[in-house]
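Now for the letters of each chain:
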Amino acid sequence: MTEHGKNKGSVTIVLFSGDLDKAIAAFVIATAAASMGMSVNIFFTFWGLNAIKKEGGIIKGQNWMQKMMNIMNYGHAKKLALSKMNMLGMGPAMLKIMMSKKKVPSLHEFIQTAHAMRVKFYPCEMSMNVMGLKKEDFIDECQDVIGAVSYLSIAKESEVNLFI
Amino acid sequence: MTEHGKNKGSVTIVLFSGDLDKAIAAFVIATAAASMGMSVNIFFTFWGLNAIKKEGGIIKGQNWMQKMMNIMNYGHAKKLALSKMNMLGMGPAMLKIMMSKKKVPSLHEFIQTAHAMRVKFYPCEMSMNVMGLKKEDFIDECQDVIGAVSYLSIAKESEVNLFI
Amino acid sequence: MTEHGKNKGSVTIVLFSGDLDKAIAAFVIATAAASMGMSVNIFFTFWGLNAIKKEGGIIKGQNWMQKMMNIMNYGHAKKLALSKMNMLGMGPAMLKIMMSKKKVPSLHEFIQTAHAMRVKFYPCEMSMNVMGLKKEDFIDECQDVIGAVSYLSIAKESEVNLFI
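These numbers were taken from a predicted model, which means no experiment stands behind them.

Section: the packing of helix α2 (residues 20–35) of chain A against helix α5 (residues 107–116) of chain A
Residues and elements named next belong to chain A. It is at 10 Å that the axes of α2 and α5 come closest, and there the two elements cross at 30°. Classified by the angle between their axes, α2 and α5 sit roughly parallel to one another. Every pair of crossing elements has a handedness; the one defined by α2 and α5 is left-handed. Residue-level inspection shows Leu20, Ala23, Ile24, Phe27, Val28 and Thr31 of α2 in contact with α5, the latter providing Leu107, Phe110, Ile111, Thr113 and Ala114. Of the residues in the contact of α2 with α5, the class split is 9 nonpolar, 2 polar and no charged.

What about α5(A)?
All names here are of chain A. Every buried residue of α5 is accounted for by Leu107, Phe110, Ile111 and Ala114. Down the axis of α5, the buried side of the element spans an arc of 100°, and every buried residue falls inside it. Directly after α5, the chain includes arginine 118, whose backbone phi takes a positive value near 70°.

Brief notes about the confidence of the model for chain A
Residue and element names in this part refer to chain A. In the predicted model, chain A carries a mean pLDDT of 84, and the fraction of residues at 70 or more is 79%. This model gives residues 1–5 a pLDDT under 50, and the stretch forms 8 contacts once residues within four places in sequence are excluded. Per the prediction output, this complex has pTM 0.86; the corresponding ipTM is 0.84.

Considerations on the packing of aromatic side chains
All names here are of chain A. Evaluation of the coordinates by the stated rule reveals 18 aromatic pairs over all chains. Plain terms: the ring middles of phenylalanine 44 and phenylalanine 121 are 5.7 Å apart, the flat faces sit at 85° to each other, and that makes the pair edge-to-face. Taken as a pair, phenylalanine 44 in strand β2 (residues 39–44) and phenylalanine 121 in strand β3 (residues 120–123) lie far apart in primary sequence, 77 residues in all. By relative accessible area, phenylalanine 44 is classed as buried at 0%.

Re the relation of the copies chain B and chain A
Placing chain B over chain A gives an RMSD of 0.0 Å and needs a rotation angle of 120°, together with 0.0 Å of translation along the axis. Look at the turn and shift together and you get a three-fold axis relating the two. Here only 14% of the contact residues of chain B are again contact residues in chain A; the copies associate through non-equivalent surfaces.

A closer look at the interface of chain C and chain A
With 32 residues of chain C in contact, the opposing surface of chain A contributes 28 residues. The interface formed by chain C and chain A holds 2 residue pairs in polar contact (both at pLDDT 80 or more) in total. Among the elements of the structure, α2 (20–35), α4 (90–101) and β4 (160–163) of chain C are those that each provide at least two residues to the side of chain C that touches chain A. It is α2(C) that contributes the most residues to the side of chain C that touches chain A, 9 residues altogether. Along the lines of polarity and charge, the residues of the side of chain C that touches chain A split into 22 nonpolar, 3 polar and 7 charged.

Some words on the sheet that holds β2(A)
Residue and element names in this part refer to chain A. Strand order in this open sheet of 4 strands is β3-β2-β1-β4, and the pairing throughout is parallel. Two strands in the sheet have a free side with no partner beyond their single neighbour: β3 and β4 (160–163). Neighbour-to-neighbour, the strand axes of the sheet open up by a mean angle of 15°, direction not taken into account. In this sheet, β4 lies alongside strand β1 (residues 10–15) in parallel orientation, the contact comprising 4 bridges. Looking at β4, one finds that valine 11 is bridged to valine 160.

Concerning the packing of helix α2 (residues 20–35) of chain B against helix α7 (residues 148–155) of chain C
In contact at an axis separation of 9 Å, α2(B) and α7(C) are set at 75° when each is read in the N-to-C sense. The angle between the axes of α2(B) and α7(C) places the two elements in the roughly perpendicular class. Note on element contacts: α7(C) touches α2(B) through Ala148(C), Val149(C), Tyr151(C) and Leu152(C), opposite Val28(B), Ile29(B), Ala32(B), Ala33(B) and Ser35(B). When its residues are assigned to classes, the contact of α2(B) with α7(C) shows 8 nonpolar, 1 polar and no charged.

As for the side chain of Thr31(B)
By the element assignment, Thr31(B) lies in helix α2. Those residues in contact with Thr31(B), other than ones at most four positions away along the chain, are Phe110(B), Thr113(B), Ala114(B) and Met117(B).

Here is what the cut-offs are and how they apply
Residues numbered from 1 in each chain as written. Chains lettered and ligands numbered in written order. Predicted model: local features only at pLDDT ≥ 70, side-chain atom pairs only at ≥ 80, totals over all residues. Heavy atoms only, no water. Axes fitted to C-alpha atoms, helices over the stretch in contact; angles between N-to-C directions. Helix = DSSP H or I, 4+ residues; strand = E, 2+ residues; numbered from the N terminus. Parallel < 35°, antiparallel > 145°, perpendicular 65-115°, else oblique. Left-handed = near helix turned anticlockwise from the far one by under 90°. Contact = heavy atoms within 4.5 Å. Nonpolar A, V, L, I, M, F, W, Y, C, P; charged D, E, K, R; others polar. Buried < 20%, exposed > 50% of the residue type's maximum accessible area, 1.4 Å probe, protein only. Arc of directions from axis to C-beta. pLDDT = per-residue confidence, 0-100. Phe/Tyr/Trp six-rings, centres within 6.5 Å; stacked < 30°, edge-to-face > 60°. Least-squares fit on C-alpha atoms with pLDDT ≥ 70 in both. Polar contact = N/O pair within 3.5 Å; in protein donor to acceptor, adjacent residues only side chain to side chain. Pairing = 2+ DSSP bridges.

This is the structure:
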């Protein structure tokens, strides 16, 4: 955390959800906070890990159960579903078009922007462990893999904590 | 924020969800905090905007996609569904009757009470923009339309921040 | 709150959700915080009450609506569903096996551990009232039943507040 960021306060978000709309809400808040000079941390856990998975690649997991969980749970920033009204996948497409007409960035663009603004991305160690995912399964913009204790050390110094 | 409210602390809630049970949880916390003299702000975003939409009226939206999104997403305080067990709409009716038997106010009554207790309602600018909604589509109890930066300016001065 | 806990800070979680994965996320954070010497409070509300219901027992509720709500909402720590991919109940079983292979405790074990680490469990008075549940319907590890005002008194002194 820079001296600058510390003075402006900080925001720490747990992104638990793998829904597109919730991931976008997290990144809208994260980039707005970064634009104000706040330091921003996102801790990706459970389904939230999908937002920072690399596109494509083989099905991950070391045994059939992890593989099956990851097939069902197959996602990356361009493929997340909505928390409501998914409608055979039409909902996310509509939201994406509506957002792009209004010049709101896509999740993929938000991730790039947030990274450029020094928002820190931390994948959750325990969730990766349970799902059989490794550091190399995630986009290069990620920081170190951390656990709940490290998350809490950051969170307790933050003015704004959110669980999304 | 009054001097009084400042001393007692403040609560800022992002209401993202359009589910009846979550909206009620937000208003239970908001009115309890207001009764303690805390200053309370609710930032309504994404599906949460449904809680403060005016009843009835025509389908909003400037193009067919926004219109379709708003038809699917058709709601106001008296029509929200439950996050679980909606059962063709029977769930919300049961919850409403059970709440009224126990003298718990309805969402509509909670909104009136919260407003009378000076809880501030802020609709989210970006969500309104994406969904093609305007200030006049919302109930008169709403404060100014604000964006994520203004939300964060309020949130970072609040003792309790929640994302619901 | 002990003097010790106060110095290390505190975490207060509202557990609103009755989903197994969200309950586990809450308990991972709670036990991690307790291991750091922080004081930790969990306020169980709405569907979150399922996590601390006693196993078995008769269907609770004083009238047919409450009984029906509690049948649909039938759960305790060993029976919660996932927020995603429930797949006729196969999802939770897989998650449990995957967690046990990785030596992550079950929700039931997390509850025992959290209690031993002095994490405080507060059932929400209003939710119990609406659902027709009584103090004796919950596991013995629970603290006093409290309302939203008492929750807020604790939350506003906490460094980390989360709504899960």
